[in-house]
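# A look at the structure
Listed below are the residues making up each chain.
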Amino acid sequence: MDIIKPSKAGTYESNDIYIMLFPGYEENLIELESVVYDCFGYQIKKVIKDVLKENNINHVLVKAIDKGALDYTIRARMITAIKRGVSNE
Amino acid sequence: MQIDGYKKNYKMYSYSKVIKDQVILKPTKKNNSLNKLRKNISNLLDELTIKDGSVISFHHHMRNGDYVLNMVMEEIAKRNVKDLTLFASSIFPCHEPLVKLIKEGVVTQIYSAYISGPVAEAISQGLMKKPVVMHTHGGRPRIIESSEIKIDVAFIAAPSCDYRGNINGSLGKNACGAIGYAVTDAWFAKNTVAITDNFVISVDKPHIEGKYIDYIIKVDSIGEASKIVSGTTKITRNPIGLKIARLAAEVIKYSGYFKNGFSFQTGAGGISLAVAHYLKEIMKEENVKGSFASGGITGYLVDMLKEGLFERLYDVQCFDLDAVQSIRENEAHIPISASKYANINDDCIVNDLDYVILGATEIDLDFNVNVTTSSTGEIMGGSGGHSDTAYGSKVTIIVSQLFNARIPVIKEHVICKTTPGETVDVLVTERGIAINPRRRDLIERFRQTNLPIMTIQELKKISDNLVGIPEEVEFTNKIVGIVEYRDGTIIDLLYKRG
């Protein structure tokens, strides 16, 4: 699957994460800002990578601004952003 | 191990051996001079000459609206003095100018019960020459009375003061109410200075008597009273917080001590205040009346006093302006000193408490609580009266969300042990209530209720499954702080982050 246009999902609210996807990169890149970076930075990136892999996405920049989202929230925001980015509507 | 810049004969905390001091100073001061007024701080400093290494004290009843600490320290710094110890009951974000003095070596040590904002950050970054000593609100008068620290000059923000030095905190344009943390300083400091923006002919009911005051200085303003309001002083509207508060009120109801004459303390945090709100409903339903509520007092407790639900309020500092008005007008709202509040060597109020509601940044499987640092180890608070009240009260209840913004409250080990688990009885979260296994009586009692009781291990499992296990924060071996228990023993050490 290919992301064909920039897309986003989520909010800046506490316990949420704001995801932006930008197409046209050599390989997947992740830029993460998080209020819990010290404790969960690795885990958040892992969830983002997992969702990219599951959807066979290989050429995006993921910009993520995290306000303490749990794994299922990160997953949901990622899936939504991907769906928005591949759609032509 | 000798800790640089700290007393040599220190002891480590042990619950079975909480120490009372044998030798305690008694106040003997009697300064009846009628010539106490000085022109300004600079003038006074010409007369007092503060030397390198002196100990300067302040109290924090003006909270984040305080001007006095900054204005005095600015004048002292101009005189090229070094190596001062700042003995300030609490330090707030408004005291940011101190950071410069710390960097310049004017202030090289701080004693305090609570530090937040830029000064806390500077300490965590290791900018201070000597480690900060974080004592408790009750530990502060103990330190003075046991002459562990001799205050050279105490500066007292005085909302109203007469020419003899009689001070009342409840009167004046910057009234802050009770001034309990300044009392012991005034009694024992070599020199005590009242700084006032309301110099009056006579103060009838002084919170601090004039005989303890040596100098008086008039200034335009000692602070901004509107900013004494402490952090969150409104009941939380977060449904999770309300659920926790409701459960905590139920815990009180079924704990076995809820009967006429019971006593109660709660903090000013959103959930703690909501506990007072639900407790009020239960007290009315069950027709139970309490004897006293204590602590930092808020408008919610003032309302309960007015409605006759409590007979008295014992107040060491007012958390909002409703409390300030009440202490001025209501005889049953009684100002007390920090010593009377929580000093282990005094006949203190906390020992008469049935319930205290407290918060936590972290709690571990042994019920040890951290309120001193953030969950990543930076200083952002301190005990205040946390460990004093936990020790004194019959039932100590910690209220907290199980996790918030992915930060779990229950940890394998707390980063800093502020309050020992031996003195903590119940943890109330939105997903369940854990009781300290030491309290078999409570476990037995709650078994007969519908309350969602589980072990703290079970609660931790729920939390871990949702948020995951946080990565461990790493620290260097540089000590930036010493956490003292209320008896002056070391309960924990604070290190600089790696």
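Placed above this text is the structure.
Because the structure is predicted, anything quoted here is derived from the model rather than measured. (Residues numbered from 1 in each chain as written. Chains lettered and ligands numbered in written order. Predicted model: local features only at pLDDT ≥ 70, side-chain atom pairs only at ≥ 80, totals over all residues.)

## Remarks on the overall build of chain B
Keep this limit in mind: Strands here mean DSSP runs of E at least two residues long; helices mean DSSP runs of H or I at least four residues long; both are numbered from the N terminus. A radius of gyration in this sense is built from C-alpha atoms; the matching globule rule multiplies 2.2 Å by the number of residues raised to 0.38. To sort residues by exposure, count the other C-beta atoms lying within 10 Å of each residue's C-beta; 20 or more gives buried, 12 or fewer gives exposed, and values between give partly exposed, all with C-beta atoms placed from the backbone.
Of the regular secondary structure elements, chain B holds 14 helices and 24 strands. The globule rule puts the C-alpha radius of gyration for 498 residues at 23 Å, and the 22 Å found for chain B is close to it. Considering only C-alpha atoms, chain B reaches an extent of 70 × 55 × 40 Å along its principal axes. Sorting the 498 residues of chain B into buried and exposed places 55% on the buried side.

## Here's the deal with the interface of chain A and chain B
Our working definition: A residue pair is marked as a contact if its C-beta atoms, positioned from the backbone, fall within 7 Å. When residue character is reported, Ala, Val, Leu, Ile, Met, Phe, Trp, Tyr, Cys and Pro are called nonpolar, Asp, Glu, Lys and Arg charged, and the others, Gly included, polar.
Chain A puts 14 residues into the contact, and the matching count from chain B is 10 residues. For the side of chain A that touches chain B, the residue count by class is 7 nonpolar, 4 polar and 3 charged.

## With respect to the sheet that holds strand 15 (residues 369-370) of chain B
As a reminder of what qualifies: For two strands to be treated as a pair, DSSP must find at least two bridges joining them.
Reading across the sheet, the 3 strands line up as 15-14-19 (chain B) and stay open at both edges, with mixed pairing between neighbours. Both outer strands of the open sheet, strand 15 and strand 19 (410-411) of chain B, are each paired with one neighbouring strand and no more.

## As for the packing of helix 1 (residues 37-54) of chain A against helix 2 (residues 71-86) of chain A
Residues and elements named next belong to chain A. Rules: An axis is simply a line fitted to the C-alpha atoms; with a helix, the fit covers only the stretch in contact. Between two such axes, the angle follows the N-to-C directions and lies from 0 to 180 degrees. Put simply, angles under 35 degrees are roughly parallel, angles over 145 are roughly antiparallel, angles from 65 to 115 are roughly perpendicular, and the rest are oblique. By definition, any crossing whose near helix is turned counterclockwise from its far helix by less than a right angle is left-handed, and any crossing with a clockwise turn is right-handed.
At a minimum axis separation of 10 Å, helix 1 and helix 2 run at an interaxial angle of 40°. Considering their axes alone, helix 1 and helix 2 lie oblique with respect to each other. The chirality of how helix 1 crosses helix 2 is right-handed. When helix 1 is examined against helix 2, the residues I44, V47, I48 and V51 are found in contact with a partner set consisting of D71, I74, R75, M78 and I79. Its residues assigned to classes, the contact of helix 1 with helix 2 shows 7 nonpolar, no polar and 2 charged.

## Concerning the nonpolar core
Residues and elements named next belong to chain B. Let me state the cut-off plainly: Each nonpolar core comprises buried Ala, Val, Leu, Ile, Met, Phe, Trp, Tyr and Cys residues, the members being joined through C-beta atoms within 7 Å. Domain limits in this description derive from either an automatic procedure or a database domain assignment.
By size, the foremost hydrophobic cluster in this structure holds 181 residues, and its most contacted members are I156, A248, I398 and V428. Counting only domains with at least three residues in this core, you end up with domain 1 (15-227) and domain 2 (239-467). Setting aside chain neighbours within four positions, we find A248 in contact with V275, I357, I397, V399 and V428.

## Observations concerning unusual backbone geometry
Its identity is not glycine, yet N15(A) carries a phi of approximately 75°, on the positive side. By the C-beta count within 10 Å, which is 15 here, N15(A) ends up partly exposed. Phi angles above zero are rare outside glycine, and R63(B) is one such case at about 45°. Looking at the secondary structure, you find R63(B) in the loop between strand 2 (55-58) and helix 2 (68-78).

## Here's the deal with the environment of E104(B)
All names here are of chain B. Relative to the helices and strands, E104 resides in the loop between helix 3 (98-103) and strand 4 (107-112). The exposure class assigned to E104 is exposed, which follows from the 11 C-beta atoms found within 10 Å. Separated by 27 residues in the primary sequence, E104 and A77 have C-alpha atoms spaced 9.5 Å apart.

## Quick word on the packing of helix 7 (residues 239-254) of chain B against helix 8 (residues 270-286) of chain B
All names here are of chain B. With their axes 8 Å apart at the nearest point, helix 7 and helix 8 run at an angle of 50° to one another. One way to sum up the angle between helix 7 and helix 8 is to call them oblique. Helix 7 and helix 8 meet at a crossing whose hand is right-handed. Between helix 7 and helix 8, the residues in contact are G241, L242, I244, A245, R246, A248, A249, I252 and K253 and G270, I271, A274, V275, H277, Y278, L279 and I282, respectively. Classifying every residue of the contact of helix 7 with helix 8 by side-chain character gives 12 nonpolar, 3 polar and 2 charged.

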